[in-house]
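# An overview of the molecular structure
Each chain, written out:
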Amino acid sequence: LVNYTLSITYPDMATDPTQLDHGFTISKKMENLNGKEEIRVGDIVRITLDIGIQPSLREQSGRGLEYLALEDPVPAGLVPINPDLKTEGLQEEQKSGERRATWQQGFYVLRPTYSEFREDGVRVFKNEAWGSSYRYSYLARAVSEGDFWMRGSRVSLMYEPERYGKTLGQRVRVLPAQR
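Residues numbered from 1 in each chain as written. Predicted model: local features only at pLDDT ≥ 70, side-chain atom pairs only at ≥ 80, totals over all residues. Heavy atoms only, no water.

## Quick word on unusual backbone geometry
One non-glycine residue with positive phi stands out, namely Tyr 67, at about 60°. You can see Tyr 67 is positioned in strand 5 (residues 65-73). A residue is classified by how much of its surface remains accessible, and Tyr 67, at 35% relative accessible area, is partly exposed. (Helix = DSSP H or I, 4+ residues; strand = E, 2+ residues; numbered from the N terminus. Buried < 20%, exposed > 50% of the residue type's maximum accessible area, 1.4 Å probe, protein only.)

Spelled out as structure tokens, the structure:
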């Protein structure tokens, strides 16, 4: 009778800060549109993602990057608002269908070729990316109170997934609505 013990140690890629940027940098900011720090049920939150393309990745391609994919999960207490649906009641400054490049506060405003708004997050795709820094923002509505875990955001090249950037997850607290 022979007994074996196997012990495997591997890095946790999802929370390892050294594994956040491989060609891209990304940061995420959430701000309540009513100006308050806390988020309450019924509040509208603007989620802003700042994406940087590192010079080494731009130089390697020799031209613009193709097929950029951005995945931004939202915590369970928030639901993204699709600006293309008139029934949502809110419209972003410019609709996602507009394609012209806009420079704003040191970033190009990311105009997606295609976007998906789902209850668990937003997925955005752009066929060509030629700038060095992009900003993408959307609105979300707080629909449920509680403490929630928000997974990290990720940007990558669709056909070269080893070129990516991501954020760490964070805790989000949604308080009950004020009466």
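After that view, the rundown keeps rolling.
## Some details on the pattern of salt bridges
The final tally for this structure, using the stated rule, is seven salt bridges. The partner of Glu 38 in a salt bridge is Arg 40, with the nearest N and O atoms 3.9 Å apart. What makes Glu 38 partly exposed here is its relative accessible area of 30%. Between Arg 135 and Asp 50 there is a salt bridge; the shortest N-O distance is 2.6 Å. Taken as a pair, Arg 135 in strand 11 (residues 133-142) and Asp 50 in strand 4 (residues 44-53) lie far apart in primary sequence, 85 residues in all. Salt bridges sharing partners connect three or more residues here, namely Glu 71, Asp 120 and Arg 123. (Salt bridge = Lys/Arg side-chain N within 4 Å of Asp/Glu carboxyl O.)

## Comments concerning the side chain of Ser 156
Tracing the backbone through its elements, the reader meets Ser 156 in strand 13 (residues 154-157). Under the relative-accessibility criterion, Ser 156 is labelled buried at 10%.

## Describing a nonpolar patch on the surface
Residues Tyr 67, Met 158 and Tyr 159 make up a contiguous nonpolar surface patch of roughly 330 Å² in combined accessible area. Judged by relative accessible area, which is 35%, Met 158 ranks as partly exposed. (Patch = residues over 30% accessible without salt bridge, like charges linked within 9 Å, V, L, I, M, F, W, Y side chains within 5 Å. Areas by Shrake-Rupley, 256 points an atom, 1.4 Å probe, with all protein chains shown as cover.)

## Focus on the sheet that holds strand 14 (residues 160-166)
One open sheet accounts for six strands, arranged 1-14-13-5-10-9; its pairing is antiparallel. The open sheet has two free edges, formed respectively by strand 1 (21-22) and strand 9 (114-118), since each of these has just one partner strand. Looking at chain direction, strand 9 and strand 10 (residues 121-129) are connected through five bridges and run antiparallel. Looking at strand 10, one finds that Arg 118 is bridged to Gly 121. (Pairing = 2+ DSSP bridges.)

## With respect to the nonpolar core
Phe 24, Ile 51, Leu 70, Tyr 136 and Tyr 138 are the most contacted members of the largest nonpolar core, which has 30 residues in total. Those elements that provide at least two residues to this core are strand 2 (24-32), strand 4, strand 5, strand 10, strand 11, strand 12 (146-150), strand 13 and strand 15 (170-175). With near-sequence residues (within four places) excluded, Leu 70 lies in contact with Ile 26, Leu 49, Ile 51, Leu 110, Val 122, Arg 123, Val 124, Tyr 136, Arg 154 and Val 155. (Core = buried A, V, L, I, M, F, W, Y, C linked by side-chain atoms within 4.5 Å. Contact = heavy atoms within 4.5 Å.)

## Quick look at the packing of aromatic side chains
According to the stated counting rule, one finds five aromatic pairs in the structure shown. Taken together, a centroid distance of 5.5 Å and an interplanar angle of 85° make the contact between Tyr 67 and Tyr 159 edge-to-face. With Tyr 67 in strand 5 and Tyr 159 in the loop between strand 13 and strand 14, the pair connects residues that are 92 residues apart, well separated along the chain. An aromatic cluster is defined as three or more aromatic residues linked by ring pairs; in this entry it consists of Phe 117, Tyr 136 and Tyr 138. (Phe/Tyr/Trp six-rings, centres within 6.5 Å; stacked < 30°, edge-to-face > 60°.)

## Some words on the environment of Gly 77
Its location among the elements puts Gly 77 in the loop between strand 5 and strand 6 (78-81). Judged by relative accessible area, Gly 77 falls into the buried class, the value being 0%. Residues Gly 77 and Val 41, 36 residues apart in the sequence, show an inter-C-alpha distance of 8.4 Å. For Gly 77, the residues in contact, after removing those within four places along its chain, are Arg 141, Ala 142, Val 143, Ser 144 and Phe 148.

## Considerations on the sheet that holds strand 3 (residues 39-40)
In spatial order, the strands read 3-15-12; together these three strands make up an open sheet with mixed pairing. In the strand order of this sheet, the two ends are held by strand 3 and strand 12, each with one partner. Here five bridges tie strand 12 to strand 15, and the two strands are oriented antiparallel to one another. Bridge pairing in strand 15 places Met 150 opposite Gln 170.

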